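# Architecture at a glance
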2 protein chains.
Amino acid sequence: MTLDNSWFSEPYDVTGSAFSLKIKAKLHDEQTPFQHIEIYETESYGRLMVFDGCVMLTTLDNFIYHEMMSHPALLSHPEPCDVLIIGGGDCGTLREVLKHDSVQRCVQVDIDERVTRVSEDYFPELCDSNNDARAELLFDDGIQYVADCADAQFDVIIIDSTDPVGQAARLFGTEFYTDCQRITRDGGILVAQSESPLKQLDLIKSMSNNMRSAGYSSTHTFEFPQSCYPTGWWSCTLAGKENNFENIRPLDNGVTTKYYTTESHLGGLVLRPFIQDALK
Amino acid sequence: MTLDNSWFSEPYDVTGSAFSLKIKAKLHDEQTPFQHIEIYETESYGRLMVFDGCVMLTTLDNFIYHEMMSHPALLSHPEPCDVLIIGGGDCGTLREVLKHDSVQRCVQVDIDERVTRVSEDYFPELCDSNNDARAELLFDDGIQYVADCADAQFDVIIIDSTDPVGQAARLFGTEFYTDCQRITRDGGILVAQSESPLKQLDLIKSMSNNMRSAGYSSTHTFEFPQSCYPTGWWSCTLAGKENNFENIRPLDNGVTTKYYTTESHLGGLVLRPFIQDALK
């Protein structure tokens, strides 16, 4: 059967598949200097944020992505104090980072202020921590910010980017990772969203290679379900300056998660065999 | 945008979402006494098997489902000798079960012989073990088979069913599980596919309750990505007669998997917090 225009559909060239959500209403439509932002009310995934026709997040399933972009990296570091997020304008990753008591400062650099303002309006639950005194929200070019930054300023850097298309492609390259490596303190960790383990293992391999070329000594990829992203399966890739990813801390007392568990983090330290084969 | 008829689309009422695959060609179309079977060649997921408009499996991602329907249950049993599969006519689960040296006999009861014949033609890799001397392929009503079966015949029973719609709904009920419990030996385990953890936790809870009502003393749900199924995220639920799911064996030497690892199995023994909350 065909899907009519009561559905929002995103077909993916890379994967030859498409994901669609039944729409109740369009709530917002805006062309910013950087992208076309749309917000929809869906039948069953809550609200849907779309940039340039690509699904960014839904109310229903964003918790998985935001937890996996933050907790594995932060809990692989003995005491993360200063954290940098590149992208992440919806502020969901920021909220998870600020659950960690050791964090004294979290700088978020997203090029498009409108993303944050729209998120505050339509996904207020993600913006709970925007007024936390430790949060520093900058609206600027993340690549330039990292290039201009002094050495050894951060313990954890999180690349919460869109797909490697157009300007965002540079966020997956060796030059950018080299700057990240330079501004990371000893023992520091980089984590980047790294697309679908089912269909984009070549990209994951190239990202890992680029991270090592940039001077990181170790990399590791974690995979997680993400219903609204291509193939319904997503990943993040960590890089460490000299980090042993196997020394993980438990979550602080009182910190709650919906998806992340220490046990699954430990389980994920061993790659799925088909991923391990592909990354060899 | 709308998806035209170069795509196969399956919209899901329960989840208000849809999954689509770009089609190269239709390879097979057949109305059996039980269902409408279609086979497509897709752009990027290999071949696609569809029953009555619902995606059953694709070449690309079926390995996850078949491994998770077999290895967690079999490795939670100290020495599974006799295994029963209800449904599973594509034979992918059978192939995984027969990787275990302890298994002396695996009876598969699928109501529709055409599923197996079509799978042999279009998914021959799933049918590698159909001629194994330990495999017994019956084409009959699984509910009747279980009702007629003598007590304590099997160590592991696998319910590899379609969705809880029409006739298959009975495969999710207490009456059927009670018969399963009766024909399971002491220490035996039941495992059933249990739909989407993102959108069908009510069903998972009701299945778990039904299993306990049927006399099983413990249940546990494992979740796994499954790109081609609703929400891209799926689950299986295990029930044990007096089993401790935490005593798991490693895979036998020489047995290879693409998705399953002992470490992820151990990690999965702790439920994701949002699943744990829902199943309370």
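Structural data are supplied above this passage.
Just so we're clear, the structure is a prediction, and the values are computed from it rather than from any experiment.

### Examining the relation of the copies chain A and chain B
If you rotate chain A by 180° and push it 0.0 Å along the axis, it lands on chain B with an RMSD of 0.0 Å. Both copies of the chain, as the preceding transformation shows, are related through a two-fold rotation axis. A share of 100% of interface residues in chain A that are also interface residues in chain B marks the association as one of identical surfaces.

### Some remarks on the interface of chain A and chain B
One frequent convention defines the size of an interface as the accessible area lost when the parts assemble. Facing the 42 residues of chain A at the interface are 42 residues of chain B. A buried area of about 3,600 Å², summed over both sides, lies between chain A and chain B, and 64% of it is on carbon and sulfur atoms. At the junction of chain A and chain B, the tally comes to zero salt bridges. If you look at where chain A meets chain B, you find 18 residue pairs in polar contact (both at pLDDT 80 or more). Residue assignment for the side of chain A that touches chain B shows that the elements contributing at least two residues are β1 (7–12), β2 (17–31), α1 (62–68), α8 (262–267) and α9 (273–279) of chain A. Take the side of chain A that touches chain B: its biggest share by element is six residues, from β2(A). Across the side of chain A that touches chain B, the residue classes break down as 20 nonpolar, 15 polar and seven charged.

### Let's talk about the pairing of strand β10 (residues 184–193) of chain B
Residue and element names in this part refer to chain B. By the criterion of burial, β10 is predominantly enclosed, with eight of the 10 residues buried. Inspection of the sheet shows strand β9 (residues 154–160) paired to β10 by five bridges, in the parallel sense. What sits directly across from V156, in β10, is I189. In this fold, the crossover linking β9 to β10 by way of helix α5 (residues 174–183) has right-handed handedness. As paired elements, β10 and strand β12 (residues 233–240) share five bridges and run antiparallel to each other. Its bridge partner lying in β12, I189 is registered against G240.

### Focus: the side chain of A:H28
Residues and elements named next belong to chain A. Mapped onto the fold, H28 is located in strand β2. For H28, the side chain forms a polar contact with the side chain of E30, separated by 2.8 Å. Excluding residues within four positions of it along the chain, H28 makes contact with I37, E38, I39, R114, V118 and Y122.

What counts and what doesn't
Residues numbered from 1 in each chain as written. Chains lettered and ligands numbered in written order. Predicted model: local features only at pLDDT ≥ 70, side-chain atom pairs only at ≥ 80, totals over all residues. Heavy atoms only, no water. Least-squares fit on C-alpha atoms with pLDDT ≥ 70 in both. Contact = heavy atoms within 4.5 Å. Buried area = accessible area lost by both parts, 1.4 Å probe. Salt bridge = Lys/Arg side-chain N within 4 Å of Asp/Glu carboxyl O. Polar contact = N/O pair within 3.5 Å; in protein donor to acceptor, adjacent residues only side chain to side chain. Helix = DSSP H or I, 4+ residues; strand = E, 2+ residues; numbered from the N terminus. Nonpolar A, V, L, I, M, F, W, Y, C, P; charged D, E, K, R; others polar. Buried < 20%, exposed > 50% of the residue type's maximum accessible area, 1.4 Å probe, protein only. Pairing = 2+ DSSP bridges. Right-handed = clockwise from strand over helix to strand, strands pointing away.

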